[in-house]
Amino acid sequence: MREWIEQPAAGDLPPEKELINLLLTEDEELLSCLYARARRMREEHYGRKVYIRGLIEFTNFCRNNCYYCGIRRDNKQTERYRLSEQQIMECAQEGYFLGFRTFVLQGGEDPWYNTERVERLVRMLKEHFPDCAVTLSVGECSRETYRRWREAGADRYLLRHETADPGHYGMLHPPELSWENRMRCLNDLKELGYQVGCGFMVGSPGQTAAHLARELRFLKEFRPHMVGLGPFIPQKDTKFAQETAGTLSMTLKCLALVRLILPDVLLPATTALGTIAGNGTELGILAGANVVMPNLTPAEERRKYTLYDHKACTGSEAAEGLAELKGRMEKIGYYVSAERGDWKGEKNDV
Ligand code: 5AD
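Residues numbered from 1 in each chain as written. Predicted model: local features only at pLDDT ≥ 70, side-chain atom pairs only at ≥ 80, totals over all residues. Heavy atoms only, no water.

Novice: How should I be thinking about the pairing of strand 6 (residues 195-202) in this particular structure?
Specialist: In the case of a regular strand, side chains alternate between the two sheet surfaces. With eight of eight residues buried, strand 6 lies mostly within the body of the structure. Sheet analysis places strand 5 (residues 156-158) next to strand 6, joined by three bridges and oriented parallel. Residue pairing for strand 6: Arg-156 is matched across the bridge by Gln-195. Where strand 6 meets strand 7 (residues 226-231), six bridges bridge the pair, whose relative direction is parallel. Its bridge partner lying in strand 7, Gly-199 is registered against Gly-228. (Buried < 20%, exposed > 50% of the residue type's maximum accessible area, 1.4 Å probe, protein only. Helix = DSSP H or I, 4+ residues; strand = E, 2+ residues; numbered from the N terminus. Pairing = 2+ DSSP bridges.)

Novice: Would you mind going over the site of the ligand with me for this structure?
Specialist: The immediate surroundings of the ligand are formed by Tyr-68, Cys-69, Arg-160, Glu-162, Met-201, Pro-231, Phe-232, Ile-233, Leu-307 and Tyr-308. Taking Arg-160, its side chain carries an N or O atom lying 2.9 Å from an oxygen atom of the ligand. Look at the ligand: alone it shows 400 Å² of surface, and the protein chains cover 87% of it. Tallied by class, residues from the shell around the ligand come to eight nonpolar, no polar and two charged. (Near = heavy atom within 4 Å. Polar contact = N/O pair within 3.5 Å; in protein donor to acceptor, adjacent residues only side chain to side chain. Areas by Shrake-Rupley, 256 points an atom, 1.4 Å probe, with all protein chains shown as cover. Nonpolar A, V, L, I, M, F, W, Y, C, P; charged D, E, K, R; others polar.)

Novice: How should the nonpolar core be read in this particular structure?
Specialist: A general feature of soluble globular proteins is that nonpolar side chains tend to end up buried together. Counting 100 residues, the largest nonpolar core has Ile-56, Tyr-146 and Tyr-157 as its most contacted members. Core analysis: the second largest hydrophobic core is formed by ten residues, Tyr-51, Leu-55, Met-226 and Val-291 among them. (Core = buried A, V, L, I, M, F, W, Y, C linked by side-chain atoms within 4.5 Å.)

Novice: I would appreciate a short explanation of the layout of surface pockets in the present structure.
Specialist: Here the idea is plain: a probe the size of a water molecule rolls over the atoms and shows the empty space left. Roughly 200 Å³ of volume is contained in the second largest pocket. Along its surface, the second largest pocket is lined by 16 residues, and Asp-110, Tyr-113, Asn-114, Cys-141 and Trp-149 are the ones closest to its centre. Among the secondary structure elements, those contributing two or more residues to the lining of the second largest pocket are helix 5 (115-128) and helix 6 (143-152). For the lining of the second largest pocket, the per-class residue count stands at seven nonpolar, five polar and four charged. (1 Å grid on protein atoms, 1.4 Å probe; cavity = no way out; pocket = protein on both sides within 12 Å on 5 of 7 lines; lining within 4 Å. Points joined across faces, edges and corners; volume = space filled by probe spheres on them.)

Novice: Before we go on, may I ask you to explain the pairing of strand 3 (residues 102-107) in this structure?
Specialist: Most of strand 3 is tucked away: six of the six residues are buried. Judged by which residues are buried, strand 3 turns out to be covered on both faces: Thr-102, Val-104 and Gln-106 on one side and Phe-103, Leu-105 and Gly-107 on the other are all buried. Pairing of strand 2 (residues 54-59) with strand 3 involves five bridges; the strand directions are parallel. In the sheet register, Thr-59 faces strand 3, and the bridge partner there is Gly-107. Handedness of the crossover is the feature at issue here: the chain leaves strand 2, passes through helix 4 (residues 85-98), returns alongside strand 3, and the resulting connection is right-handed. Note that strand 3 and strand 4 (residues 133-137) share five bridges and pair parallel. Following the sheet pairing, Phe-103 is matched in strand 4 by Val-134. Once the chain exits strand 3 it traverses helix 5 before rejoining the sheet at strand 4, and the crossover so formed is right-handed. (Right-handed = clockwise from strand over helix to strand, strands pointing away.)

Novice: Explain the side chain of Thr-135 to me, please; I cannot follow it from the model alone.
Specialist: Here Thr-135 shows up in strand 4. Residue classification places Thr-135 among the buried residues on the basis of a relative accessible area of 2%. If we ignore the near neighbours within four places in the chain, the residues touching Thr-135 are Thr-102, Phe-103, Val-104, Leu-105, Arg-156, Tyr-157 and Leu-158. (Contact = heavy atoms within 4.5 Å.)

Novice: So what exactly am I meant to see when it comes to helix 5 here?
Specialist: What sets the pattern is the α-helix's 3.6 residues per turn: residues three or four places apart point alike. With 14 residues, helix 5 ought to run about 20 Å at 1.5 Å a step, and its terminal C-alpha atoms sit 20 Å apart, in line with that. In the core, the buried residues of helix 5 are packed alongside strand 2, helix 4, strand 3, strand 4 and helix 6. (Expected span 1.5 Å × (residues − 1).)

Novice: Explain the environment of Leu-262 to me, please; I cannot follow it from the model alone.
Specialist: Structurally, Leu-262 can be placed in the loop between helix 10 (248-261) and helix 11 (271-276). Relative accessible area serves as the criterion here: at 7%, Leu-262 is assigned to the buried category. The contacts of Leu-262, once residues within four sequence positions are left out, are Leu-219, Arg-223, Pro-224 and Val-227.

Novice: I would appreciate a short explanation of the packing of helix 9 (residues 209-222) against helix 10 in the present structure.
Specialist: The description of two packed helices rests on the angle between their axes and on the distance between the axes. Interhelical geometry of helix 9 versus helix 10 gives an angle of 25° and a closest axis separation of 10 Å. What the angle tells us is that helix 9 and helix 10 run roughly parallel. The hand of the helix 9/helix 10 crossing is right-handed. Together, Leu-212, Leu-216, Leu-219 and Lys-220 of helix 9 and Met-250, Cys-254, Leu-257, Val-258 and Ile-261 of helix 10 make up the contact between the two elements. Across the contact of helix 9 with helix 10, the residue classes tally to eight nonpolar, no polar and one charged. (Axes fitted to C-alpha atoms, helices over the stretch in contact; angles between N-to-C directions. Parallel < 35°, antiparallel > 145°, perpendicular 65-115°, else oblique. Left-handed = near helix turned anticlockwise from the far one by under 90°.)

Novice: I keep staring at the sheet that holds strand 8 (residues 291-292) and nothing clicks. Help me out?
Specialist: Neighbouring strands of a sheet are bound in pairs by backbone hydrogen bonds; such pairs are parallel or else antiparallel. Spatially, 8-1-9 is the arrangement adopted by the three strands of the open sheet, whose pairing is parallel. On the outer flanks of this sheet lie strand 8 and strand 9 (335-336), each paired with one strand and no other. Here strand 1 (residues 49-52) runs beside strand 8; their pairing, made up of two bridges, is parallel. Opposite Tyr-51, over in strand 8, you have Val-291 as the bridge partner.

On their own, these measurements won't tell you what the molecule is for.
Printed below as a string of structure tokens:
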């Protein structure tokens, strides 16, 4: 194991058994080797910069019913909201002023925000903020819709695959959602020239170390530009309310392994990680992450975007807390970058 950590030929995976042992190990010395190697790898590609993304959670209406998610359609406890075009532009304006050069429009699959309306938003954002990247994260759509948004100027797209195992996908989602369609979407997005982010939850119900090994093999094959991964956290109004959350240590191991497998990937220390541990963001960065996504959503709506319980949305999780985030990064020897933070790899063939 140690040999592979010291010398992973870029992108190579260790044999299955070793990989699973690595995922399961609690050997402190081995783990500090793993994190140190992941940091070196990220520094070779991105230095000590931390890229920031302004997250605008613009609607929590969703037509889907994913079993783990607090904003699923059938959750009657969720107070629904939808930001207007004008509110979204105001969020972006504030974000721009604070120094953000990427806006992430994230929402449930809200039929009101259809192809035309999102297309208009993308055009407006690109027109007002031509030096900024626009990232969309609004779920599964047709190739034609993705094409139109790309043509309107969208640069990146986040769509977690949630699990690389179709059987496991079926345990986490109702039958009308399929793993095959998720893959179709991810492939379309890549072919259309987006910088594409996929990702999964760590510790989702039914997940084993063998599943995580499979996640890593999947990532190596799909070669996304970004990977979003964070611990599963139960939400009280879902069928997984009584399940246990993913752990900090497993999440950190996954981050480090993803960095070793995809050296130039853009890898956020996610809100979920910051939610299960007060210093989760720092630990994520120290395990190879290089992106943080503070929340730009207006405070009143922010608390309604309840994917899971106790979701962090203040302090350095909030865009207005950027000064705090900067301080925290500097304390561990990193610094918040003012750049757009595009993917820096070689051309990524589809
Ligand atoms: N715990 C952790 N992450 C969750 N997500 C949704 N529900 C939860 C939860 N209960 C993640 C999913 C989704 C992303 C927007 O949030 O991976 O893709």
